[in-house]
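Below, each chain spelled out in residue letters.
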Amino acid sequence: MDYRRIIDQYCDGNQPLKQTLMKHSGDVTALALQIAQAHPELQMDLQFVEEAAMLHDIGIVFCHAPVIHCHGTEPYLCHGYLGAELLRQLGYPLHARVCERHTGAGLTKEEIQRRTLPLPQQDFLPETWEEKVICYADKFYSKTRLESKKTLEQVIGSLSKFGPEGVQRFMEWHEHFN
């Protein structure tokens, strides 16, 4: 898989979006790989972690979020499952799972229904260690503040706005990864 080719293809003509995506995804990738390498007992596929982390947000190209140079039509919240649809069409079903499962600390069908989110009515929870480590690493980096890494307290604060379920999942991962 050549994730750079995919990013180039779908960010064609929008250099600011490409720069945002590459910086954010590069930071997430570096942290995810650092964690994966520090935990050989979890037997994570490092090549897959790199590829999937670099593509986890590819769906933003379809979304409307001008502050991060996204000029599509879909709500930003949909970027995970839209990226997953794209990667499935390209023949990468395992990478697609990372896309659709990284929003928040994963989402359950019940959370989607309770919050009336514009997402398919199904569970989007990270299951493999690779899915979990990418979702975990993603929480430390914003696409609007590319120059800084969030503290653990900031991540918990961000997640807590949406209920205790995500915070609990994130803290379980934090115990494994630290």
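Keep in mind that what you see is a predicted model, and the values were worked out from it rather than measured.

**Looking at the state of the cysteines**
A covalent bond bridging the sulfur atoms of two cysteines is what the word disulfide describes.
Then, in step 1: By the definition in use, this model includes 0 disulfides.
Then, in step 2: Cys78 provides the cysteine sulfur closest to Cys63, a residue in no disulfide bond, and the two sulfurs are 6.3 Å apart.
Then, in step 3: Lacking any disulfide linkage, Cys135 is separated from the closest cysteine sulfur, that of Cys99, by 12 Å.

**Here's the deal with the environment of Thr73**
Then, in step 1: Here Thr73 is to be found in the loop between β2 (70-71) and α4 (79-89).
Then, in step 2: Classification of Thr73 as exposed rests on a relative accessible area of 71%.
Then, in step 3: With 63 residues separating them in the primary sequence, Thr73 and Tyr10 have C-alpha atoms 15 Å apart.
Then, in step 4: Those residues in contact with Thr73 that lie beyond four places of it in its chain are Phe62, Cys63 and His64.

**Comments concerning the side chain of Lys143**
Then, in step 1: Mapping Lys143 onto the fold places it in the loop between α7 (129-138) and α8 (152-160).
Then, in step 2: Here the side chain of Lys143 touches Tyr76 through a polar contact of 2.8 Å, side chain to side chain.

**Structural notes on the packing of aromatic side chains**
Then, in step 1: If you walk through the whole model with that rule in mind, you get 5 aromatic pairs.
Then, in step 2: Seen from their ring centres, Tyr136 and Phe170 are 4.9 Å apart, and the 20 degrees between their planes marks the pair as stacked. In this pair, Tyr136 is assigned in helix α7 and Phe170 in helix α9 (residues 164-177), connecting sequence segments 34 residues apart.
Then, in step 3: Under the relative-accessibility criterion, Phe170 is labelled buried at 0%.
Then, in step 4: Residues Tyr136 and Phe177 carry aromatic rings whose centres are separated by 5.2 Å and whose planes lie at 65 degrees to one another, so their mutual orientation is edge-to-face. In this pair, Tyr136 sits in helix α7 while Phe177 sits in helix α9, placing the two residues 41 residues apart along the sequence. Both residues of the pair, Tyr136 and Phe177, belong to the buried class.
Then, in step 5: Each member of the aromatic cluster is reached from another via a ring pair, and the members are Trp129, Tyr136, Phe140, Phe170 and Phe177.

**Details of the layout of surface pockets**
Then, in step 1: Of the pockets and cavities examined, the largest pocket occupies roughly 910 Å³.
Then, in step 2: Forming the walls of the largest pocket are 33 residues, and the residues nearest its centre are Gly104, Lys139, Lys150, Ser158 and Phe162.
Then, in step 3: Listing elements by their share of the lining of the largest pocket, those giving two or more residues are α8 and α9.
Then, in step 4: Ranked by the residues each element gives to the lining of the largest pocket, the list is headed by α8, at 4 residues.
Then, in step 5: Along the lines of polarity and charge, the residues of the lining of the largest pocket split into 11 nonpolar, 12 polar and 10 charged.

**Considerations on the nonpolar core**
Then, in step 1: Ranked by size, the top nonpolar core spans 27 residues in total, and within it Val133, Ile134, Phe170 and Phe177 carry the most contacts.
Then, in step 2: If you list the elements that add at least two residues to this core, you get α2 (15-38), α3 (46-55), α7, α8 and α9.
Then, in step 3: Among the elements that take part in this core, α2 stands out by supplying 6 residues, more than any other.
Then, in step 4: Ile7, Ile58, Ile60 and Leu86 belong to the second largest nonpolar core, which has 19 residues in total.

**Topic: empty space enclosed by the protein**
Then, in step 1: Enumeration according to the criterion identifies 1 cavity of 30 Å³ or more in this entry.
Then, in step 2: Volume-wise, the largest cavity comes out at about 50 Å³.
Then, in step 3: What lines the largest cavity is simply Leu77, Gly80, Tyr81, Glu100, Thr103, Leu107, Leu119 and Phe124.
Then, in step 4: Of the residues in the lining of the largest cavity, the class split is 5 nonpolar, 2 polar and 1 charged.

Each value, and the rule that gives it
- For every chain, the first residue of the written sequence is number 1, and numbering continues from 1 onward in sequence order.
- pLDDT decides what is reported in this predicted model: residues at 70 or higher carry local features, side-chain atom pairs at 80 or more are listed and counted, and totals for whole chains, interfaces and linings draw on all residues regardless.
- To get the side-chain values, take all heavy atoms of the structure and skip hydrogens and water.
- Disulfides are defined as pairs of cysteine sulfur atoms found within 2.5 Å of each other.
- In DSSP terms, a helix is any run of H or I states spanning at least four residues, a strand is any run of E spanning at least two, and both are numbered starting from the N terminus.
- Here's how the labels work: a residue is buried when its accessible area is under 20% of the maximum for its type, exposed when over 50%, partly exposed in between, all with a 1.4 Å probe on protein chains only.
- Throughout, a residue-residue contact means that at least one pair of heavy atoms, one from each residue, lies within 4.5 Å.
- Polar contact criterion, stated in full: a pair of N or O atoms within 3.5 Å, where within protein one must be able to donate a hydrogen and the other to accept it, and residues adjacent in sequence count only if both atoms are side-chain atoms.
- Stacked, edge-to-face and tilted are the three classes for Phe, Tyr and Trp ring pairs, Trp counted by its six-membered ring, which pair at centre distances within 6.5 Å; planes under 30 degrees apart are stacked, over 60 edge-to-face, the rest tilted.
- Think of a 1 Å grid over the protein atoms and nothing else: a 1.4 Å probe that fits but is trapped marks a cavity, an open set flanked by protein within 12 Å on at least five of seven lines marks a pocket, and residues with an atom within 4 Å of a point count as lining.
- Grid points are joined across faces, edges and corners, and a volume is the space filled by probe spheres set on the points.
- Only Asp, Glu, Lys and Arg are considered charged, only Ala, Val, Leu, Ile, Met, Phe, Trp, Tyr, Cys and Pro nonpolar, and every remaining residue, Gly among them, polar.
- Take the buried Ala, Val, Leu, Ile, Met, Phe, Trp, Tyr and Cys residues and link them wherever side-chain atoms come within 4.5 Å; each set so joined is a nonpolar core.

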